[in-house]
Amino acid sequence: SMASPALLMRVVASAYSVAEKAATIVRNVMSAGDLGIVEKAGPNDLQTKADRLVQMSICASLARKFPKVTIIGEEELPTDDVTEDLIEDGHCEEILKKPCPAQYTGIKEEELVIWVDPLDGTKEYTEGLLDHVTVLIGIAYGGKAIAGVINQPYYNYEAGANAVLGRTIWGVLGLGAFGFQLTEAPAGKHIVVTTRSHSSALVNECITALNPDHVIRVGGAGNKIIQLIEGKASAYVFASPGCKKWDTCAPEAILHAVGGKITDIRGNSFQYNKEVKHMNSAGVLATLRNYDYYAGRIPNTVKESLVP
């Protein structure tokens, strides 16, 4: 008889279904019209009813199935009983059929940390820039991002009334990434994707130093990594604190699964063990290919002003 699937593949298969449920919640909150917006640290740091409901749904659903896993979400929420309608019990059969990479077959529940961004690109969500929005579930082991799920609730939303809305991208290191068409940015073109609502003099100084052919300003870390893996941008550059571990964990796993690279602006890799501080204080530099080209052009003045 077949051995039962390894824990990691069961967690990813469940996270896939949980992310699809999350997308439904995100769309329902938007179509109901009352976003319930709360300012956290200021007008660029918002939380909506969707952030709150989605985080409750993701964390409660995964905790029920995998009680010993550490789950860290962006929002500070009361631990009230979560209503049953928020629980997703399903899993993606397709993922369970894939082989677990050998180095991860022995993982135990208590060794996993799941980083959850219930709605990445909240500001864009409130402004109706719906294609910027993602739901991020990143899975870490030994401090490294090893698997991730990115759902885009509004993928295809400009394709007309009959289009199927939303898609789920997932990946595991050593296995690959699925749910999209891997595409490289045009050769010889330097297209930089960066922040839309968190710009600063330092962010702009860094981009100018790269002398890009084109700069794309969009919301959401998940969205920016998708720009890289679909060939719309060649580098994601953010020379500022502000990005957090739940923004980068899932995207990092997917990017690394297809041979890309993400670090802070100084070239340090991110750590995802449960004790780690949540802020990525030294910014983000990510590429699908040619990481060294961009890393070599980050000015020292920029590196020195960002302390990890």
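Residues numbered from 1 in each chain as written. Predicted model: local features only at pLDDT ≥ 70, side-chain atom pairs only at ≥ 80, totals over all residues. Heavy atoms only, no water.

An unreviewed UniProt entry lists the protein chain under the name 3'(2'),5'-bisphosphate nucleotidase 1, from Acrocephalus arundinaceus. The Cofactor (unreviewed entry) field of the UniProt record for the protein chain holds the comment "Mg(2+)". (UniProt positions renumbered as here; feature names shortened; annotations may be inferred.)

(A) Geometry of the overall build of the protein chain. When helices and strands are tallied, the protein chain shows 9 helices and 13 strands. Here the C-alpha atoms of the protein chain give a radius of gyration of 18 Å, agreeing with the 19 Å that 2.2 N^0.38 yields for 308 residues. Along the first, second and third principal axes, the C-alpha set of the protein chain runs to 55 × 45 × 40 Å. Scored against the burial criterion, the 308 residues of the protein chain give a buried share of 54%. Summed over all atoms, the accessible surface of the protein chain reaches about 13,100 Å², with 50% contributed by carbon and sulfur. (Helix = DSSP H or I, 4+ residues; strand = E, 2+ residues; numbered from the N terminus. Rg over C-alpha atoms; globule rule 2.2 N^0.38 Å. Buried < 20%, exposed > 50% of the residue type's maximum accessible area, 1.4 Å probe, protein only. Areas by Shrake-Rupley, 256 points an atom, 1.4 Å probe, with all protein chains shown as cover.)

(B) How the structure looks around the UniProt feature "binding site: Mg(2+)" (unreviewed entry) in the protein chain. Annotation from UniProt places "binding site: Mg(2+)" (unreviewed entry) at E74, D117, L119, D120 and D247. The largest pairwise C-alpha distance within this set of annotated residues, which runs over 174 residues, is 9.6 Å, so the set is compact in three dimensions. Set against the largest pocket, the annotated residues that line it come down to E74, D117, L119, D120 and D247. Inspection of the secondary structure assignment puts D117 in strand β4 (residues 112–120). Accessibility expressed as a relative area gives 1% for D117, which makes it buried. Ignoring any residue separated from it by four or fewer positions in sequence, one finds D117 in contact with E74, T134, V135, L136, W246 and D247. Inspection of the secondary structure assignment puts D120 in strand β4. Under the relative-accessibility criterion, D120 is labelled buried at 4%. Residue contacts for D120: discarding those within four places in its chain leaves H132, V133, T134, L136, G220, A221, G222, N223 and D247. (1 Å grid on protein atoms, 1.4 Å probe; cavity = no way out; pocket = protein on both sides within 12 Å on 5 of 7 lines; lining within 4 Å. Contact = heavy atoms within 4.5 Å.)

(C) Layout of the sheet that holds β4. Taking strand neighbours across the sheet as the criterion, the 6 strands line up as β3-β4-β5-β6-β7-β8 in an open arrangement whose pairing is mixed. The two strands at the open ends of the sheet, each matched to only one other strand, are β3 (70–73) and β8 (176–178). The mean angle between the axes of side-by-side strands here comes to 15°, regardless of whether they run parallel or antiparallel. Pairing of strand β6 (residues 144–152) with strand β7 (residues 167–172), which is carried by 6 bridges, proceeds in the antiparallel orientation. By the bridge assignment, N151 is partnered in β7 with T168. Contacts from helix α2 (residues 49–65) reach β3, β4 and β5 (134–141), with the element oriented near 155° to β4. Of the strands in this sheet, β4, β5, β6 and β7 are in contact with helix α6 (residues 221–229), which crosses β5 at around 85°. (Pairing = 2+ DSSP bridges. Axes fitted to C-alpha atoms, helices over the stretch in contact; angles between N-to-C directions.)

(D) Structural context of the sheet that holds strand β13 (residues 284–287). Reading across from one edge, β10-β9-β11-β13-β12 is the order of the 5 strands in this open sheet, with mixed pairing throughout. Every other strand in the sheet has two partners, leaving β10 (214–217) and β12 (261–263) as the edge strands with one partner each. Ignoring strand direction, the axes of neighbouring strands in this sheet form an average angle of 20°. Pairing of β12 with β13, which is carried by 3 bridges, proceeds in the antiparallel orientation. The partner of I262 across the bridge, within β13, is A286. Against the sheet, helix α5 (residues 201–210) engages β9 (191–194), β10 and β11 (235–238), with an angle of about 170° to β9. Sheet strands in contact with helix α7 (residues 245–257) are β12 and β13, and its direction is about 145° off that of β12.

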